[in-house]
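# Chain and residue survey
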Amino acid sequence: MNPDMFEEYHQELCEKCGECLHECPVMQLPPEKAKAEMRNLIAGRKNSIVLKKCTSCMSCNFVCKKGCNPAMLILKRWHEAYEEEGMPDRALWFTPHMRPNFRTYALERMPEDEKALIKKWDDASPCEEIIYPGCNVITTPYLMMSSLFEGKSIRGSLDLCCGEMYFRSGHFDELRKTAARLTEHYRKMGIKKMLIPCTAGRNLFTNILPKYGAMFDFEIEHVIPWLINRIEKGDLKLKKSLNMTVTIQESCHAKCFGDEYIDMPRKLLNMLGIKVIEEEQHGKMMRCCGIGGGFSHASNYHPFNVVMATGRALTLARNAKADAVVTYCAGCMQQLGVGRLMLPFLWTEIYHILELVQIAIGEIPERRLNNRAFLLASGVILNQMPKMLSTKRHRAGSGI
């Protein structure tokens, strides 16, 4: 990994070869068109198709052999457009700290046992070791209803969002506020170790928030290597081998930790007796689950863009001809769940990797994705769609 890939775009190193846009898993522009679009980005031209189609998956940073960080140039252009124009009414529904939003809508309507968990997790009292659920797990708390996490203290709330959506849409001022908020919160809590089930959260806490002012002095570990280690040591007993094939919906953030990290979900699945069939676009050149279709300033979470991007992800999964698609990001799981609800002809069986581990240790996991996808989709239809024609513009604001 380029250690400063989340810092400024290095124009002085850029040869304007366009390879980053040519090999982009979303755009795949012809070489000459890619070169022209790179020149458009550098010149700040607003009509660049890259600024409209990019899903901020960051694959371009890995294509660039000079370490120029082209993804950060795109985010900078989105930031400039946002500063100049604000965002439309519909985008407020997806802004993390605004109330209400798509997550608060789901939380208010989920089953009582999940509401009780969320209430329990909202605890700021001192604690040295915590599991940080992040917004995506808070929206699907049933994933944590397992003996896998027995004895662990899960702490978090929507107010403690890591700011991933701010980063990937170029809302840098809100990201700085998030960095300050989280620094102060965890300083007061006095934590020494954070276990994270969300790859996006791990990347934000490890690589991104510190560049926007956060100061964390605690250890951060992801759940997947933690589970692998427990199985290898014999602390976690597997009771059955799962005879199935799966393909994997990659997290956009996994590539930021290198090939070894990308291989970890595959290693865990193999330990469970599962065969992985790779999608055509996977690893560092993976395609976003679909939520990235809403991140560009031109999209601002336009439902059509998000659904179509999710449809392309589901198509890749179906083309792999596996028994199911597996995610290791609860956000990806939710997005694919909404996508198959909106595009039933692309219906695909979806598992979170934690659900498969639960089955392998003899548990019966709660399978509530259909319910959650319905809540998330209905929230958008009822609250976002009526605002599609609104011409009002806004800044994000904290909303707290």
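For the structure itself, look to the data block above.
Here's a quick rundown of the structure. (Residues numbered from 1 in each chain as written. Predicted model: local features only at pLDDT ≥ 70, side-chain atom pairs only at ≥ 80, totals over all residues. Heavy atoms only, no water.)

## Topic: the overall build of the protein chain
- For the protein chain, the count of helices and strands is 17 helices and 9 strands.
- Compactness check: the protein chain gives a C-alpha radius of gyration of 20 Å against a globular reference of 21 Å for 400 residues, within 12% of the reference.
- Taken over the C-alpha atoms alone, the protein chain extends approximately 60 × 45 × 40 Å along its principal axes.
- Here the protein chain holds 400 residues, and 62% of them are scored as buried.
- Considering only intrachain contacts with a sequence separation of at least 6, the fraction spanning at least 24 residues in the protein chain is 77%.
- Of the roughly 16,600 Å² of accessible surface on the protein chain, 52% is carried by carbon and sulfur atoms.
- The protein chain carries 53 positive and 45 negative side-chain charges, and their two centres are separated by 4 Å. (Helix = DSSP H or I, 4+ residues; strand = E, 2+ residues; numbered from the N terminus. Rg over C-alpha atoms; globule rule 2.2 N^0.38 Å. Buried < 20%, exposed > 50% of the residue type's maximum accessible area, 1.4 Å probe, protein only. Contact = heavy atoms within 4.5 Å. Areas by Shrake-Rupley, 256 points an atom, 1.4 Å probe, with all protein chains shown as cover. Lys, Arg positive; Asp, Glu negative; His and termini not counted. Charge placed at Lys NZ, Arg CZ, Asp CG, Glu CD.)

## Notes on the pairing of strand β7 (residues 324–327)
- Covered by surrounding structure in β7 are Ala-324 and Val-326 together with Val-325 and Thr-327, the residues of both alternating faces.
- Bridging between strand β5 (residues 244–249) and β7 involves 4 bridges; their strand directions are parallel. Looking at the pairing, Val-246 lines up with Ala-324 of β7.
- One ladder, built from 3 bridges, connects β7 with strand β8 (residues 350–352); its direction is parallel. Bridging from a neighbouring strand, Val-325 pairs with Ile-350 of β8.
- With helix α15 (residues 330–342) bridging β7 and its parallel neighbour β8, the resulting β-α-β unit is right-handed. (Pairing = 2+ DSSP bridges. Right-handed = clockwise from strand over helix to strand, strands pointing away.)

## As for the pattern of salt bridges
- Overall, the coordinates contain 29 salt bridges when judged by the stated rule.
- Between Arg-155 and Asp-123 there is a salt bridge whose closest N-O contact spans 3.6 Å. Of this pair, Arg-155 sits in the loop between α8 (134–138) and α9 (164–169) while Asp-123 sits in the loop between α7 (112–121) and β2 (129–131); the two residues are 32 residues apart in sequence, bridging distant segments of the chain.
- On the basis of relative accessible area, Arg-155 is assigned to the buried category, the value being 8%.
- Residue classification places Asp-123 among the partly exposed residues on the basis of a relative accessible area of 29%.
- Among the ionic pairs, Asp-173 bridges to Arg-176, the shortest N-O distance being 3.0 Å. Taken together, the positions of Asp-173 and Arg-176, both in helix α10 (residues 172–189) and 3 residues apart, correspond to about one turn of that helix.
- The class of Asp-173 is partly exposed, set by a relative accessible area of 34%.
- With a relative accessible area of 41%, Arg-176 lands in the partly exposed category.
- The network of salt bridges with shared partners includes Asp-113, Glu-114, Glu-366, Arg-368 and Arg-372. (Salt bridge = Lys/Arg side-chain N within 4 Å of Asp/Glu carboxyl O.)

## Re helix α16 (residues 353–360)
- Counting buried positions along α16 gives 7 out of 8 residues, so the element sits mostly inside the fold.
- Three or more residues of α16 are buried, namely Ile-353, Leu-354, Glu-355, Leu-356, Val-357, Gln-358 and Ala-360.
- Looking one or two residues past α16, Gly-362 carries a phi angle of roughly 95°, positive in sign.

## Considerations on the nonpolar core
- Counting residues in each nonpolar core, the largest one holds 141 residues, and the members touching the most others are Tyr-186 and Phe-205.
- If you tally residues by element for this core, the top one is helix α5 (residues 70–85), at 7 residues.
- Sequence-distant contacts of Tyr-186, that is, excluding residues within four places in its chain, are made with Ile-130, Tyr-132, Leu-160, Ile-191, Met-194, Phe-205 and Phe-218. (Core = buried A, V, L, I, M, F, W, Y, C linked by side-chain atoms within 4.5 Å.)

## Considerations on the side chain of Asn-61
- Mapped onto the elements, Asn-61 comes out in helix α4 (residues 59–63).
- By relative accessible area, Asn-61 is classed as buried at 7%.

## Comments concerning α7
- Within α7, burial applies to Glu-114, Leu-117, Ile-118 and Trp-121. The buried residues of α7 occupy one face: seen down the axis, they fall within an arc of 95°. Along α7, the residues that are exposed and aim more than 90 degrees away from the buried face are Glu-112, Lys-119 and Lys-120.
- Of the surrounding elements, those touching the buried residues of α7 are α6 (102–109), α8 and α17 (369–383). (Arc of directions from axis to C-beta.)

## Section: the packing of α6 against α17
- Direction vectors running N to C along α6 and α17 enclose 125°, while the axes themselves pass 9 Å from each other. For the element pair α6 / α17, the angle class is oblique. Crossing of α6 against α17: the hand is right-handed. Across the interface between the two elements, Phe-102, Tyr-105, Ala-106 and Arg-109 of α6 pack against Arg-372, Leu-375, Leu-376, Ser-378, Gly-379, Leu-382 and Asn-383 of α17. (Axes fitted to C-alpha atoms, helices over the stretch in contact; angles between N-to-C directions. Parallel < 35°, antiparallel > 145°, perpendicular 65-115°, else oblique. Left-handed = near helix turned anticlockwise from the far one by under 90°.)

## So, a nonpolar patch on the surface
- There is a patch of nonpolar side chains on the surface, built from Leu-341, Met-342, Phe-374, Ile-381, Leu-382 and Met-385 and spanning about 570 Å² of accessible area.
- Counting only elements with at least two residues in the nonpolar patch, the list comes to α15 and α17.
- The biggest single contributor to the nonpolar patch is α17, with 3 residues.
- Checked against the element boundaries, Leu-382 lands in helix α17. (Patch = residues over 30% accessible without salt bridge, like charges linked within 9 Å, V, L, I, M, F, W, Y side chains within 5 Å.)

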